[in-house]
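In case you want the letters, here they are:
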Amino acid sequence: ADIDNGATIFAGNCAACHAGGNNVIQTEKTLRKEALDSYLDGGRKVESVVYQVTNGKNAMPAFGGRLSDEEIGDVAAYVIDQANGDKW
Ligand code: HEM
């Protein structure tokens, strides 16, 4: 996966709700390590982010059909890299 491309996709599709790794709608459900461990279905891994981005969850829209599988893989890799490295 291309993490740099993931950063670009994040800026264009995710940052409206998740700028800085935050969450403007469900404020506790950030993209930081501890929140992903607590709330992300399947746990803090790339496959879990791919699933949620593809299918959506509650107020988060589904991106399947709007982003390609490759783009979703890239943005998921970026999110996990940011979280694992405490980069948010
Ligand atoms: C939750 C990623 C776009 C709203 C999450 C979570 C991830 C994520 C990994 C789980 C966080 C956690 O449970 O702590 C992304 C990515 C996006 C994106 C990579 C772009 C491709 C958006 C957008 C919105 C949004 C545009 C608002 C319109 C939400 C909400 C939740 C959430 C409300 C909490 C869902 C719930 O558990 O009820 N997002 N997101 N997301 N996201 Fe996004």
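Above: the structure in question.
Attention in this report is confined to the structure presented alongside it.

What counts and how
- Residues numbered from 1 in each chain as written.
- Predicted model: local features only at pLDDT ≥ 70, side-chain atom pairs only at ≥ 80, totals over all residues.
- Heavy atoms only, no water.
- Core = buried A, V, L, I, M, F, W, Y, C linked by side-chain atoms within 4.5 Å.
- Buried < 20%, exposed > 50% of the residue type's maximum accessible area, 1.4 Å probe, protein only.
- Helix = DSSP H or I, 4+ residues; strand = E, 2+ residues; numbered from the N terminus.
- Contact = heavy atoms within 4.5 Å.
- Donors = N, O, S within 2.8 Å, 3.2 Å for Na, K, Ca; no water.
- Tetrahedral: all angles 85-135°; square planar, octahedral: opposite > 155°, others 65-115°.
- Near = heavy atom within 4 Å.
- Polar contact = N/O pair within 3.5 Å; in protein donor to acceptor, adjacent residues only side chain to side chain.
- 1 Å grid on protein atoms, 1.4 Å probe; cavity = no way out; pocket = protein on both sides within 12 Å on 5 of 7 lines; lining within 4 Å.
- Sits in = over half its atoms within 2 Å of the grid points.
- Salt bridge = Lys/Arg side-chain N within 4 Å of Asp/Glu carboxyl O.
- Phe/Tyr/Trp six-rings, centres within 6.5 Å; stacked < 30°, edge-to-face > 60°.

### Quick notes on the nonpolar core
Next, step 1: With 17 residues, the main nonpolar core has F10, L36, V49, V53, L67, V75 and V79 as its most contacted residues.
Next, step 2: Secondary structure elements with two or more residues in this core: helix 1 (3-13), helix 4 (46-55) and helix 5 (69-84).
Next, step 3: Beyond its immediate sequence surroundings of up to four residues, F10 is in contact with A15, H18, L31, V75, Y78, V79 and W88.

### Thoughts on the coordination of the iron atom of the ligand
Next, step 1: Protein coordination at the iron atom of the ligand comes from H18 (NE2) and M60 (SD), with a distance range of 2.0 to 2.2 Å.
Next, step 2: Between the 6 donor atoms coordinating the iron atom of the ligand, the angles at the centre fall across 84 to 179°, so the site counts as octahedral. Of this pair, H18 sits in helix 2 (residues 15-18) while M60 sits in the loop between helix 4 and helix 5, and the two are 42 residues apart along the sequence.

### A look at the site of the ligand
Next, step 1: Surveying the vicinity of the ligand reveals 23 residues, the closest of which are C14, C17, H18, K29 and M60.
Next, step 2: Within the backbone of T30, a nitrogen or oxygen atom sits 2.7 Å from an oxygen atom of the ligand.
Next, step 3: Side-chain polar atom of N58 to an oxygen atom of the ligand: 2.8 Å apart, as the coordinates give it.
Next, step 4: Most atoms of the ligand, that is more than half of them, are within 2 Å of grid points of the largest pocket.
Next, step 5: Counting residues per element, the ones that place at least two in the shell around the ligand are helix 2, helix 3 (33-39) and helix 4.

### Here's the deal with the side chain of H18
Next, step 1: On the accessibility criterion, H18 (10% relative accessible area) is buried.
Next, step 2: Setting aside residues up to four positions removed in sequence, H18 forms contacts with F10, N23, K29, L31 and M60.

### Quick notes on the pattern of salt bridges
Should their charged atoms come close, side chains of opposite charge can pair.
Next, step 1: Within the structure shown, the criterion is met by 4 salt bridges.
Next, step 2: D37 is the partner of R44 in a salt bridge, and the nearest nitrogen-oxygen pair spans 2.8 Å.
Next, step 3: Notably, a salt bridge pairs D41 with K57, separated by 3.6 Å at the nearest N-O pair. Of this pair, D41 sits in the loop between helix 3 and helix 4 while K57 sits in the loop between helix 4 and helix 5, placing them 16 residues apart in sequence.
Next, step 4: On the accessibility criterion, K57 (23% relative accessible area) is partly exposed.

### A few points about the packing of aromatic side chains
Next, step 1: In total, this model carries 3 aromatic pairs according to the counting rule given.
Next, step 2: Centroid distance Y78 to W88: 5.7 Å. Interplanar angle 85°. Geometry classified as edge-to-face. Of this pair, Y78 sits in helix 5 while W88 sits in the segment after helix 5, and the two are 10 residues apart along the sequence.
Next, step 3: When its relative accessible area of 22% is taken as the criterion, W88 is described as partly exposed.
Next, step 4: Feature note: the residues F10, Y78 and W88 constitute an aromatic cluster, connected by ring pairs.

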